[in-house]
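# Structural overview
Spelled out from the first residue to the last, the chains are:
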Amino acid sequence: IFTTRTNAAGRDLSVPPSAAAAPAQTRGPDGHGHGRQSGSATRREMLASLWNRASTAYRAKVGRELSNHGLLYEDCLIETEEVKLALKRLPPDVLNAREQRLKRAMVLSSQIKTLPPEVAEKLDPFESYLGPYLEQVKKEKEELLLTK
C-alpha cells in the first residue's frame, strides 16, 4: 500500500520537489517534444514586464528632471546635422522659446535650484515641437539618397 505524506500546508511530500516543480515540455506540430520548457515563454513575458516597468519608471524620472529645470526632451537632443536643419526650419517664436528654456535651465543649474513645483507640474516635457520638422528633414534626406 502506497501512502502519501503531506506537510502542514497540504503539499504532497511523496513526490520529490524537483520532479513536482519541473516544467512541462512543449510539443511541436508533429506531436514530439522539442526539449524546450514552457517556462521560457513565461520567463520572456516576465522579463518583458520588468523591462516595461523599468522603462516607465526611467521615463518618469527623466520627465521630472526636465520639468524641474523647465526643459522639454527635444531641447536636450544632440545637435546632429538633421537636428540643426530642423532647428533652422522652426518658426522664430518657437526657436526663441527653446533658447529661453535653455538659458533658464543653465541659470537654475548654476544656482543649484529648480523651478517651483507648481510651475514644473504644468510642463509636459515630452511635448514635441521639433518632431514634424525632423521627420521632414529625414524624408528629404532619404529622397536625396534615392535619387543619387
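As a reminder, the structure under discussion sits directly above these lines.
Quick summary incoming for the structure in this document. Computed from a predicted structure; not experimentally measured. (Residues numbered from 1 in each chain as written. Predicted model: local features only at pLDDT ≥ 70, side-chain atom pairs only at ≥ 80, totals over all residues. Heavy atoms only, no water.)

## Digging into the overall build of the protein chain
The test is simple: Helix numbers and strand numbers start at the N terminus; a helix is a DSSP run of H or I with at least 4 residues, a strand a run of E with at least 2. What makes two residues a contact is simply this: any of their non-hydrogen atoms within 4.5 Å. Accessible surface area values rest on a Shrake-Rupley calculation with a 1.4 Å probe, where residue burial reflects the displayed protein chains alone.
Looking only at helices and strands, one finds 6 helices and 2 strands in the protein chain. Shown N-terminal to C-terminal, the secondary structure of the protein chain runs as helices and strands in the order α-β-β-α-α-α-α-α. Restricting the contact set of the protein chain to residue pairs at least 6 apart, pairs at least 24 apart contribute 64%. Approximately 11,700 Å² of the protein chain is accessible, and the part contributed by carbon and sulfur atoms is 58%.

## Considerations on the nonpolar core
Selection rule: What is meant by a nonpolar core is a set of buried Ala, Val, Leu, Ile, Met, Phe, Trp, Tyr and Cys residues, joined one to another through side-chain atoms within 4.5 Å. Using a 1.4 Å probe on the protein chains alone, a residue whose accessible area is under 20% of its type maximum counts as buried, one over 50% counts as exposed, and one in between counts as partly exposed.
One finds Leu72, Val83, Ala86, Leu87, Leu90, Tyr129, Leu130, Leu134 and Val137 forming the largest nonpolar core, which totals 9 residues. Mapped by element, the contributors of at least two residues to this core are helix H3 (81-89) and helix H6 (131-147). Not counting the four nearest positions on each side in its chain, Val83 is found in contact with Ile78, Leu130 and Leu134.

## A few points about the side chain of Glu82
As for its position among the elements, Glu82 is in helix H3. What Glu82 contacts, discounting residues up to four positions off in sequence, is Leu134, Val137, Lys138 and Lys141.

## Quick notes on H6
Quick reminder of the rule: By this rule the span expected of a helix is its residue count minus one, scaled by 1.5 Å.
The first and last C-alpha atoms of H6 sit 24 Å apart over 17 residues, in line with the 24 Å expected at 1.5 Å per residue. Buried residues belonging to H6 abut H3.

## Remarks on the packing of aromatic side chains
The line we're drawing: Two aromatic rings, drawn from Phe, Tyr or Trp (for Trp, its six-membered ring), form a pair once their centres lie within 6.5 Å of each other, and the interplanar angle then sorts them: stacked below 30 degrees, edge-to-face above 60, tilted otherwise. In this analysis the charged atom, NZ for Lys or CZ for Arg, is taken to sit over a ring once it is within 6 Å of the ring centre and within 35 degrees of the ring normal.
This model, assessed by the stated rule, comprises 1 aromatic pair. Aromatic pair Tyr73 and Phe126: ring centres 5.9 Å apart, planes at 40°, arrangement tilted. With Tyr73 in the loop between helix H2 (39-69) and H3 and Phe126 in the loop between helix H5 (117-120) and H6, the pair connects residues that are 53 residues apart, well separated along the chain. Residue class for Tyr73 comes out partly exposed when judged on its relative accessible area of 44%. A relative accessible area of 26% places Phe126 in the partly exposed class. The lysine or arginine in question, Arg59, covers the ring of Phe126, its NZ or CZ lying 3.8 Å from the ring centre. The aromatic ring of Tyr129 is capped on one face by Arg101, whose charged end is 5.1 Å from the ring centroid.

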